[in-house]
Amino acid sequence: MSFDYSLDFKTIDFRQHPELYRVGKGEQGVLMVEPYKAEILPHWRFKTPAIAKQSSETIYQMFLDYLEQGDFVGADMARKFLQMGYTRSRRYANHKNGRKYQANPQKAGSEADQQAARQQVLPYDVDPIKAESAAIFKEKWVQAKTNPHYLQLLAAHRQKYEAKPL
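My aim in this report is to walk through the structure given alongside it, one point at a time. In this text, all values refer to a predicted model and were calculated from it rather than measured experimentally.

Considering the overall build of the protein
(1) Moving on: Within the protein, the secondary structure is distributed over 6 helices and 0 strands.
(2) Moving on: Across the protein, helices and strands are ordered from the amino to the carboxyl terminus as α-α-α-α-α-α.
(3) Moving on: The C-alpha radius of gyration of the protein comes to 17 Å, within 12% of the 15 Å expected for a compact globule of 166 residues.
(4) Moving on: Projecting the C-alpha coordinates of the protein onto the three principal axes gives extents of approximately 45 × 40 × 25 Å.

Points about helix α6 (residues 148–162)
(1) Moving on: Across its 15 residues, α6 extends 20 Å between first and last C-alpha, which sits within 8% of the 21 Å expected from 1.5 Å per residue.
(2) Moving on: Within the span of α6, buried status applies to Tyr 150, Leu 153, Leu 154, His 157, Tyr 161 and Glu 162. Angular distribution of buried residues about the axis of α6 spans 105 degrees; they occupy a single face of the element. In α6, the exposed residues that point more than 90 degrees away from the buried face are Pro 148, Gln 152, Gln 159 and Lys 160.

Some words on the packing of aromatic side chains
(1) Moving on: Scanning the entire structure with this criterion turns up 14 aromatic pairs.
(2) Moving on: Consider the rings of Phe 46 and Tyr 92, whose centres lie 5.9 Å apart with planes at 45 degrees: the pair is tilted. Here Phe 46, found in the loop between α1 (36–40) and α2 (49–68), pairs with Tyr 92, found in helix α3 (residues 72–94); they are 46 residues apart in sequence, far enough to count as distant.
(3) Moving on: Residue Tyr 92 is classed as partly exposed on the basis of its relative accessible area of 31%.
(4) Moving on: Across the ring face of Trp 141, the terminal group of Lys 145 is positioned such that the distance to the ring centre comes to 4.2 Å.

Some points on the packing of α3 against helix α5 (residues 128–145)
(1) Moving on: Relative to each other, α3 and α5 sit at 155 degrees, their axes nearing to 8 Å. It follows that α3 is roughly antiparallel to α5 by the angle criterion. Crossing hand, α3 versus α5: left-handed. For the pair formed by α3 and α5, the contact residues are Arg 79, Phe 81, Leu 82, Gln 83, Gly 85, Tyr 86, Ser 89, Arg 90, Tyr 92 and Ala 93 on the first element and Lys 130, Ala 131, Ser 133, Ala 134, Phe 137, Lys 138, Lys 140, Trp 141, Ala 144 and Lys 145 on the second.
(2) Moving on: Of the residues belonging to the contact of α3 with α5, the class tally is 10 nonpolar, 4 polar and 6 charged.

Basis of the calculations
Per chain, the residues get numbers from 1 upward, laid out in the order the sequence is written. In view of the model being predicted, local features appear only for residues whose pLDDT reaches at least 70, and side-chain atom pairs are presented and counted only at 80 or more, with totals across whole chains, interfaces and linings using the full set of residues. With hydrogens and water set aside, each side-chain value is computed from the structure's full complement of heavy atoms. Every helix listed is a DSSP run of H or I at least four residues long, and every strand listed is a run of E at least two residues long, numbered separately from the N terminus. Note that the radius of gyration is over C-alpha atoms, with the globule rule given as 2.2 Å times the number of residues to the power 0.38. How far a helix is expected to stretch is found by multiplying one less than its residue total by 1.5 Å. Each residue is placed in one exposure class: buried if its accessible area under a 1.4 Å probe, protein chains only, is under 20% of its type's maximum, exposed if it is over 50%, and partly exposed if it falls in between. Comment: arc refers to directions from the helix axis out to C-beta atoms. Between 30 and 60 degrees the pair is tilted, below 30 it is stacked and above 60 it is edge-to-face, where a pair is any two Phe, Tyr or Trp rings, Trp via its six-membered ring, whose centres lie within 6.5 Å. Over a ring means this: the NZ of a Lys or the CZ of an Arg is within 6 Å of the ring centre and within 35 degrees of the ring normal. The axes are straight lines fitted to the C-alpha atoms, using for helices just the contacting stretch, and the angles between their N-to-C directions are given from 0 to 180°. For classification purposes, angles smaller than 35 degrees are called roughly parallel, those larger than 145 roughly antiparallel, those between 65 and 115 roughly perpendicular, and all remaining angles oblique. For any pair of crossing helices, the crossing counts as left-handed if the nearer helix is rotated counterclockwise from the farther one by less than a right angle, and right-handed if it is rotated clockwise. When checking whether two residues touch, look at their non-hydrogen atoms; a contact exists if any pair is within 4.5 Å. Three residue categories are used. Nonpolar comprises Ala, Val, Leu, Ile, Met, Phe, Trp, Tyr, Cys and Pro, charged comprises Asp, Glu, Lys and Arg, and polar comprises the others, including Gly.

Below is the structure:
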């Protein structure tokens, strides 16, 4: 099932209501699902490899703590922050200002305009420091997404909550 953007994220405590959480694709909802966003976001940094190492280790430990508590939503959110650490630092490794496209495809009017905007990729300006930060986050992200306990909780969550409509 897709991530449900129609929910009132300002009022829902997903620790109390895990049945409302949908995994979605990739990093969907990473900056919306509380209380996890508030718990994890302060630790999410990637400016230098040393900062990325500390950040990824802290978030990965949070991931393991959530697993130990049987808190799938927390574990999945920590996994998403690790993934976002990889993708964002990779973006900055490729594009110094963090902008991949000449114009923001999400602000384009039609589907055709969005597709056209995605063709206007800015030139690469490689930053090896951010690339190293990306590699650090990628290692922890892969550990998280392949963790056997996480995979069990993911399957159980999908079967219990996402296989049928609420």
